[in-house]
Amino acid sequence: GAGVSQSPRYKVAKRGQDVALRCDPISGHVSLFWYQQALGQGPEFLTYFQNEAQLDKSGLPSDRFFAERPEGSVSTLKIQRTQQEDSAVYLCASSLGGGNQPQHFGDGTRLSIL
Amino acid sequence: DQQVKQNSPSLSVQEGRISILNCDYTNSMFDYFLWYKKYPAEGPTFLISISSIKDKNEDGRFTVFLNKSAKHLSLHIVPSQPGDSAVYFCAAIRNSNYQLIWGAGTKLIIKP
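Below you will find a few notes about this structure.

## Observations concerning the overall build of chain B
- Counting secondary structure elements, chain B contains 0 helices and 11 strands.
- The secondary structure elements of chain B, listed N-terminal to C-terminal, are β-β-β-β-β-β-β-β-β-β-β.
- In terms of overall dimensions, chain B is globule-like: its C-alpha atoms have a radius of gyration of 13 Å, near the 13 Å expected for 112 residues.
- On the principal axes, the C-alpha backbone points of chain B span a range of 40 × 30 × 20 Å.
- Of all 112 residues assigned to chain B, the portion counted as buried reaches 46%.
- Intrachain contacts of chain B at a sequence separation of at least 6 include 55% that bridge at least 24 residues.

Encoded structure:
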């Protein structure tokens, strides 16, 4: 399809394990965003890439969270030594540019930490 | 401290009638507002947006109204259809920055 693709859709991990979440943005979209959404809440900003450059990582909750987009297309969000509070839906979005351009979202990865 | 607030967790409307979803914000630096719609197990889908220099934007059945003095915006859906049943999120951008600040969402239920 032509939309934002995220994998896996669901991920269950034991506390302390590392996880990697993948995002395939819409082709040609320069900007890529990661959000974390807790149950019953709106998404919260984690980090922003413009092409391969990570311009803003102010929303990453701790240094266990790491994101990369090495070739300016696919992005990976990695969480090391997972904890129960990391359980959430992780959403990826992309847009043509920054600023007010509408962001287009993938269906998210639901992460459950046992 | 929530900068974008959607005070109604849910709203039930008869099919064919008008649905009005409300959103309040506290930060006067917000200059762009967006509404997203979300079905279960899917990502949010962009619906409509409005710049702070306008007070109304219309797109088909969807109209967004902005009252800057009250720091309030609303989304009107006319007429409401069963497929409109979803969670609606209000989001805001500050200083044309890319970072979306979201409300908690309102679940809209359209009754047949």
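## Some points on the packing of aromatic side chains
- All told, the structure shown has 17 aromatic pairs over all chains when counted by the stated rule.
- An angle of 80° between the planes, with centres 6.3 Å apart, marks the rings of Phe30 of chain B and Phe33 of chain B as edge-to-face.
- One aromatic cluster is present, formed by Phe33, Tyr35, Phe45, Tyr48 and Phe105 of chain A together with Tyr36, Phe46, Phe89, Tyr98 and Trp102 of chain B through successive ring pairs.

## Overview of the layout of surface pockets
- Taken as a whole, the largest pocket holds about 590 Å³ of empty space.
- Around the largest pocket sit 32 residues that line it, and Gln37, Leu39, Gly40 and Arg110 of chain A together with Lys38 of chain B are the ones nearest its centre.
- Elements supplying a minimum of two residues to the lining of the largest pocket: strand S9 (88–95) and strand S11 (109–113) of chain A together with strand S9 (86–94) of chain B.
- Per-element accounting of the lining of the largest pocket gives the leading share, 4 residues, to S11 of chain A.

## Re the nonpolar core
- The biggest cluster of nonpolar side chains holds 24 residues, and the ones touching the most others in it are Phe33, Trp35, Leu73, Leu75 and Tyr88 of chain B.
- Contributing elements (two or more residues each) for this core: strand S3 (19–25), strand S4 (30–38), strand S5 (45–51), strand S7 (62–67), strand S8 (72–77), S9 and strand S11 (106–111) of chain B.
- What Leu75 of chain B contacts, discounting residues up to four positions off in sequence, is Ser19, Ile20, Leu21, Trp35, Leu47, Ile48, Phe62, Thr63 and Tyr88 of chain B.
- Residues Val4, Cys23, Leu46 and Cys92 of chain A belong to the second largest nonpolar core, which totals 20 residues.

## What about the side chain of Thr47 of chain A?
Residue and element names in this part refer to chain A.
- Checked against the element boundaries, Thr47 lands in strand S5 (residues 44–50).
- A polar contact of 2.7 Å, which involves the side chain of Thr47, links it to the side chain of Gln54.
- Of the polar contacts made by the side chain of Thr47, one reaches the backbone oxygen of Asp56; its length is 2.7 Å.
- Setting aside anything within four residues of it in sequence, one finds Thr47 in contact with Leu32, Phe33, Trp34, Gln54, Asp56, Lys57, Leu60 and Ala67.

## Side note on the pattern of salt bridges
Residue and element names in this part refer to chain A.
- Scanning the model with the defined rule gives 5 salt bridges over all chains in all.
- Asp24 serves as the salt-bridge partner of Arg22, at 2.9 Å between the closest nitrogen and oxygen.
- Here Asp24 falls in the partly exposed class, since its relative accessible area comes to 27%.
- The salt bridge partner of Lys78 is Glu68, with a shortest N-O separation of 3.4 Å.

## Brief notes about the interface of chain B and chain A
- Taken together, the contacts link 19 residues of chain B with 20 residues of chain A.
- Across the interface of chain B and chain A, roughly 1,600 Å² is buried in total on both sides, 57% from carbon and sulfur atoms.
- For the interface between chain B and chain A, the tally reads 0 salt bridges.
- Joining chain B to chain A, the criterion identifies 6 residue pairs in polar contact (both at pLDDT 80 or more).
- At the level of elements, S4 and S9 of chain B are the ones that each hand at least two residues to the side of chain B that touches chain A.

What counts, and at which threshold
- Residues numbered from 1 in each chain as written.
- Chains lettered and ligands numbered in written order.
- Predicted model: local features only at pLDDT ≥ 70, side-chain atom pairs only at ≥ 80, totals over all residues.
- Heavy atoms only, no water.
- Helix = DSSP H or I, 4+ residues; strand = E, 2+ residues; numbered from the N terminus.
- Rg over C-alpha atoms; globule rule 2.2 N^0.38 Å.
- Buried < 20%, exposed > 50% of the residue type's maximum accessible area, 1.4 Å probe, protein only.
- Contact = heavy atoms within 4.5 Å.
- Phe/Tyr/Trp six-rings, centres within 6.5 Å; stacked < 30°, edge-to-face > 60°.
- 1 Å grid on protein atoms, 1.4 Å probe; cavity = no way out; pocket = protein on both sides within 12 Å on 5 of 7 lines; lining within 4 Å.
- Points joined across faces, edges and corners; volume = space filled by probe spheres on them.
- Core = buried A, V, L, I, M, F, W, Y, C linked by side-chain atoms within 4.5 Å.
- Polar contact = N/O pair within 3.5 Å; in protein donor to acceptor, adjacent residues only side chain to side chain.
- Salt bridge = Lys/Arg side-chain N within 4 Å of Asp/Glu carboxyl O.
- Buried area = accessible area lost by both parts, 1.4 Å probe.

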